[in-house]
Amino acid sequence: MTTGTTSARPATAVPAPRTLPPLGPNRKLKLPKQAERTLSNGLTVIAIRRPTVPLVEVRLWVPFGRSNLARSALLSQTLLSGTATMTSVQIAAELQKVGGGLAAGLDPDRLMISGNGLVTGLDRILELLAEVITGASYPNDEVTVERDRLIDRIEVARSQPAHLARVALLKRMYGRHPYAVQTPEPEQVRAVRPAQLRSLHAEKIHPAGAFLVLVGDLQPERAVEAAERALGDWRSTGQAAELPPTPPLAPAPLLLVDRPDSVQSSLRIALPAVPRSHPDHAALQLANLVFGGYFSSRWVENIREDKGYTYGPHSAVEHSVAGSALVVAAEVATEVTGPALLETIYELGRLASLPPGEEELEQARQYALGTLQLGMSTQAGLAALASAYAGSGLRLEFLAEYGDRLARVTREEVAAAAASYLAPARAVPVVLGDASRVEAPLAALLPIERAAAAS
């Protein structure tokens, strides 16, 4: 008879935790080779060399102050629907031959036509772009189809809490300024006719003040010449429209927008901000990052990681041609709406009262500088940056200057920016949720005004 024995598994040593290596020195931003020319018709062409892949990114930025929101929105949806000589299908097929495509969109400041394709097809892409902006015909059948699609999208948006909260916040921020309303009513869109789009096109789409940005594996001077051949004859009798400056952000009672039976609340707060070129902007960006602008921020740590009130809180400075603002946003469960707002006000007040620590500031600085480098690392990112900057009267050279500003900002400057722009007393708060459940806890924190959700 044998006796079985159990052999012990040999112990394994637990590896010691590895220390993360120190961050390397900040790399100086290296600006790519570029060329710029303003054509005789007023169109400014900016060509930037980024030879990572054999493609080219195209961005046409046309100033477009809106006189009629519904017509403007539908125009952007139907701009590529055909010309006197080509149908929408033919335009798409010609673009596909050079591995490309174009799309149009609209924001409060501009009409943007964007796309990309093989760099060998740049001449053809520019020819088709010229065909559209000088000869869009807005065919009746295409307009009818796109009008119905746009109405459907608006109806879907109007059922989304985030959209409704945004609508309420914009009205609260901007009053009678054109930025206050950015989505047309369905019945307004339904009333638009093709002839009205053709008239609006003639009035608003013009080269004066417009920017064409080309980024890719190209020779900048040759690309500018190609753009001039294709678009140099673009003429328009329309006049550039200038938006008035946005009104100063006026502190106001909390606007509670009632959405009965909602299981969550949409929390939004607007705070004052400054444009990219302002001396305070670098310090404000870092103050925002420390507060809530990235995952390691105080606010995210507080209401997401520590208390579990929300999944994706975020704050960001939003830049428009007529003004800038800092917007704080979070979706929280109904039962923690009051506590979430309390912690948000607390974190704003804490940053406005006490400067961030050296390590805390350095982490935010590294994130900001890394994001700047990352935004320039792809053709599409560089095209987006260059076109956004061009619309604000800036060029890529500003990026190097701005990177230097971020690297030099001190704790004291960040604290001063936080006190000036992030103080809770300067906030414009909006909460969309079930008023029957959230009004009492919110009223314990701030004065309240009530409103019904848009239907």
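Nothing here was measured: the structure is a model prediction, and the numbers come from that model.

**Q** What's the story with the sheet that holds strand β9 (residues 314-320) in this structure? I'm lost.
**A** Each strand in a sheet pairs with its neighbour through backbone hydrogen bonds, running either in the same direction (parallel) or in the opposite one (antiparallel). If you walk across this open sheet you meet the 6 strands as β9-β10-β8-β11-β7-β12, and the pairing is mixed. Two strands bound the open sheet, and with one partner strand each, they are β9 and β12 (448-452). Here the average twist between neighbouring strands, direction ignored, is 20 degrees. Here 4 bridges tie strand β7 (residues 254-258) to strand β11 (residues 428-433), and the two strands are oriented parallel to one another. Within the sheet, the bridge partner assigned to V257 lies in β11 and is L432. Of the strands in this sheet, β7, β8 (264-272), β9, β10 (323-333), β11 and β12 touch helix α5 (residues 161-174), which is tilted by about 150 degrees from β11.

**Q** Teacher, can you tell me more about helix α12 (residues 358-375) here?
**A** What sets the pattern is the α-helix's 3.6 residues per turn: residues three or four places apart point alike. Its 18 residues give α12 an end-to-end C-alpha distance of 26 Å, which sits within 8% of 26 Å, the value for a rise of 1.5 Å per residue. The complete set of buried residues in α12 reads L361, A364, R365, Q366, A368, L369 and L372. Of the surrounding elements, those touching the buried residues of α12 are α9 (281-293), α14 (397-408) and α15 (411-421).

**Q** Is there a simple way to think about the pattern of salt bridges in this case?
**A** Proximity of charged atoms lets side chains of opposite charge pair with each other. This model, assessed by the stated rule, comprises 24 salt bridges. For D107, the salt bridge identified is with R110, shortest N-O distance 2.7 Å. Since its relative accessible area comes to 22%, D107 is described here as partly exposed. Connected through shared salt-bridge partners, E94, K97, R124 and E127 make up one network.

**Q** In this structure, what is going on with the sheet that holds strand β4 (residues 101-106)? I would like to understand it.
**A** Spatial ordering of the open sheet is given by β1-β2-β6-β3-β5-β4, a layout of 6 strands whose pairing is mixed. With partners counted over all chains shown, the strands left at the sheet margins are β1 (34-38) and β4, one partner each. The mean inter-strand angle of the sheet, taken between neighbouring strand axes irrespective of direction, is 10 degrees. By the bridge criterion, 5 bridges tie β1 to strand β2 (residues 44-49) in an arrangement that is antiparallel. For T38, the partnering residue across the bridge sits in β2 and is T44. Strand contacts of helix α8 (residues 220-231): β1, β2 and β6 (211-216), with the helix running at about 30 degrees to β1, the strand carrying the most contacts.

**Q** Mind showing me how you'd approach the packing of α9 against α14 here?
**A** The relative placement of two packed helices comes down to the angle between their axes together with the axis-to-axis distance. Following both chains from N to C, one finds α9 and α14 inclined at 60 degrees, their axes separated by 9 Å at the closest point. Looking at the two axes, α9 sits oblique to α14. Note that α9 runs across α14; the crossing there is right-handed. Counting all contacts with α9, which are made through H281, A282, Q285 and L286, the residues of α14 involved are Y402, R405 and L406.

**Q** Help me out: how do you make sense of unusual backbone geometry in this one?
**A** Outside of glycine, negative phi angles account for most residues, and trans bonds account for most peptide bonds. Positive phi, normally seen in glycine, also occurs at Y138, with a value near 50 degrees. Classification of Y138 as buried rests on a relative accessible area of 0%. Positioned with a positive phi, D261 is a non-glycine residue whose angle comes to about 65 degrees. Within the fold, D261 resides in the loop between β7 and β8.

**Q** I'm lost on the side chain of E146 in this one. Help?
**A** Along the chain, E146 falls in helix α4 (residues 140-157). Taking relative accessible area as the criterion, E146 reaches 12% and is therefore assigned buried. Among the polar contacts listed, one links the side chain of E146 to the side chain of R149, at a separation of 2.8 Å.

**Q** I'm lost on the pairing of β8 in this one. Help?
**A** Residues in a regular strand point their side chains to alternate faces of the sheet. The element β8 is largely enclosed, with a buried count of 8 among its 9 residues. One ladder, built from 9 bridges, connects β8 with β10; its direction is antiparallel. Bridged to P272 within β10 is A325. In this structure, β8 lies alongside β11, joined through 5 bridges in antiparallel fashion. Pairing of I269 across the sheet is with P429, part of β11.

**Q** Looking at this structure, I do not really get the confidence of the model for the protein. What am I missing?
**A** Close inspection of predicted coordinates is inappropriate for parts of the model with low pLDDT. Confidence along the protein averages 92 in pLDDT terms, with 93% of residues attaining 70 or more. Low pLDDT (under 50) marks residues 1-15, which in the prediction has 0 contacts with non-local residues, meaning those over four places away or in another chain.

**Q** Looking at this structure, how should I read the side chain of Q379?
**A** Considering the arrangement of structural elements, one finds Q379 in helix α13 (residues 379-391). Taking relative accessible area as the criterion, Q379 reaches 5% and is therefore assigned buried. In terms of polar contacts, Q379 uses its side chain to reach the backbone carbonyl oxygen of R50, at 2.7 Å. For Q379, the contacting residues outside a window of four places in its chain are R50, T52, V53, L55, V56, E57, V215, G216 and D217.

**Q** In this structure, what is going on with the environment of Y346? I would like to understand it.
**A** Looking at where Y346 falls in the secondary structure, it is placed in helix α11 (residues 337-353). Y346 gets classed as partly exposed once you look at its relative accessible area, which sits at 45%.

**Q** Would you mind going over a negative patch on the surface with me for this structure?
**A** A cluster of acidic residues, D148, D152, E155 and E187, forms a negative patch at the surface. For the negative patch, the element with the highest residue contribution is α4, accounting for 3 residues. With respect to the element layout, D152 can be found in helix α4.

**Q** What should I look at first to understand the nonpolar core in this one?
**A** The tendency in soluble globular proteins is for nonpolar side chains to be buried as a group. With 65 residues, the main nonpolar core has L271, L284, L286, L399, L406 and L422 as its most contacted residues. Element by element, the count of residues in this core is highest for α9, at 8 residues. Sequence-distant contacts of L284, defined by excluding residues within four places in its chain, comprise A273, V274, V317, L326, A417, Y421 and L422. Counting 54 residues, the second-largest nonpolar core is a separate cluster that includes L43, I91, I205 and A210.

How each quantity is defined
Residues numbered from 1 in each chain as written. Predicted model: local features only at pLDDT ≥ 70, side-chain atom pairs only at ≥ 80, totals over all residues. Heavy atoms only, no water. Pairing = 2+ DSSP bridges. Helix = DSSP H or I, 4+ residues; strand = E, 2+ residues; numbered from the N terminus. Axes fitted to C-alpha atoms, helices over the stretch in contact; angles between N-to-C directions. Contact = heavy atoms within 4.5 Å. Expected span 1.5 Å × (residues − 1). Buried < 20%, exposed > 50% of the residue type's maximum accessible area, 1.4 Å probe, protein only. Salt bridge = Lys/Arg side-chain N within 4 Å of Asp/Glu carboxyl O. Parallel < 35°, antiparallel > 145°, perpendicular 65-115°, else oblique. Left-handed = near helix turned anticlockwise from the far one by under 90°. Polar contact = N/O pair within 3.5 Å; in protein donor to acceptor, adjacent residues only side chain to side chain. pLDDT = per-residue confidence, 0-100. Patch = residues over 30% accessible without salt bridge, like charges linked within 9 Å, V, L, I, M, F, W, Y side chains within 5 Å. Areas by Shrake-Rupley, 256 points an atom, 1.4 Å probe, with all protein chains shown as cover. Lys, Arg positive; Asp, Glu negative; His and termini not counted. Charge placed at Lys NZ, Arg CZ, Asp CG, Glu CD. Core = buried A, V, L, I, M, F, W, Y, C linked by side-chain atoms within 4.5 Å.

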